[in-house]
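Examination of the molecular architecture
Single-letter residue listing:
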Amino acid sequence: QDTNRTQQQRHPSASSMQATRILLARGKGKTIPIKLLSSAGTGFFYTTRKNPMKNPDKIAYVKFDPVVRRRVLFTEHKIK
């Protein structure tokens, strides 16, 4: 009987495992990957993600471009 009891303790019941799976299930994320391309024309880019539901406008950031060694405007473009 002792061996049977230890096996029951090691393996949880199927109903408790099912409840754990339901609690851990999540939906898909709504973010999409985008490319931030340098406006200096160097071809340098950063990649990031954005949620188009919350921010439908095109993103533009001032970031550092190591090719020209200056802070320039980076604008959003699609990743191909």
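The sections below set out a description of the structure shown in this document. Just so you know, the residues in each chain are numbered from 1, in the order the chain's sequence is written. Where totals are concerned, whole chains, interfaces and linings use all residues; where local detail is concerned, this predicted model gives features only for residues with pLDDT of at least 70, and gives and counts side-chain atom pairs only at 80 or more. Only hydrogens and water are set aside; all other atoms, that is, all heavy atoms of the structure, feed into the side-chain values.

**Some details on the sheet that holds strand β3 (residues 60-65)**
Which entries qualify depends on this criterion: Two strands qualify as a pair provided DSSP detects at least 2 bridges between them. The helix count covers DSSP runs of H or I at least four residues long, the strand count covers runs of E at least two residues long, and both are numbered beginning at the N terminus. Only C-alpha atoms enter the line fits that serve as axes; for helices the fit covers just the stretch in contact. Angles between N-to-C directions range over 0 to 180 degrees.
One open sheet accounts for 4 strands, arranged β2-β1-β4-β3; its pairing is antiparallel. The two strands at the open ends of the sheet, each matched to only one other strand, are β2 (45-50) and β3. Strand-to-strand twist across the sheet, computed as the mean angle between neighbouring axes with direction ignored, equals 40°. Relative to strand β4 (residues 70-77), strand β1 (residues 32-38) is paired through 4 bridges, and the arrangement is antiparallel. Paired with S38 across the strands is F74, a residue of β4.

**A look at the side chain of D65**
Test applied: Only protein chains enter the area calculation, which uses a 1.4 Å probe; residues under 20% of their type maximum are buried, those over 50% are exposed, and those in between are partly exposed. As used throughout, the charge tally considers Lys and Arg to be positive and Asp and Glu to be negative, leaving His and the chain termini uncounted. Any carboxyl oxygen of Asp or Glu within 4 Å of a side-chain nitrogen of Lys or Arg constitutes a salt bridge here. Think of a polar contact as two N or O atoms within 3.5 Å of one another; within protein, one of them needs to be a possible hydrogen donor and the other a possible acceptor, and neighboring residues in sequence only count if both atoms come from side chains. Contact between two residues is taken to exist if any of their heavy atoms lie within 4.5 Å; hydrogens are not considered.
Tracing the backbone through its elements, the reader meets D65 in strand β3. R70 is the oppositely charged side chain nearest to the buried, salt-bridge-free D65, at an N-O distance of 9.8 Å. Within the structure, the side chain of D65 is placed 2.8 Å from the side chain of T42, a separation counted as a polar contact. In terms of polar contacts, D65 uses its side chain to reach the backbone amide nitrogen of V67, at 3.1 Å. Among all residues touching D65, those that are not within four sequence positions of it are S38, A40, T42, F44, R70, V72 and F74.

**Points about the pairing of β1**
Of the pairings in the sheet, the one linking β1 to β2 comprises 6 bridges and is antiparallel in character. When the sheet's bridge partners are listed, I32 is paired in β2 with K50. Between β1 and β2, which pair antiparallel in sequence order, lie 6 residues; one of them, G41, sits at a positive phi of approximately 85°.

**Examining the side chain of S38**
Summarising the element assignment, S38 is placed in strand β1. In terms of polar contacts, S38 uses its side chain to reach the backbone amide nitrogen of A40, at 3.1 Å. Here S38 is in contact with F44, D65, V72, L73 and F74, once residues within four sequence places are set aside.

**What to know about the nonpolar core**
Stated precisely, the cut-off is as follows: For this analysis, a nonpolar core means a set of buried residues of the types Ala, Val, Leu, Ile, Met, Phe, Trp, Tyr and Cys, connected via side-chain atoms within 4.5 Å.
Membership of the largest hydrophobic core is limited to 5 residues, which are I34, L36, I59, V72 and F74. Listed by contribution, the elements that provide at least two residues to this core are β1 and β4.

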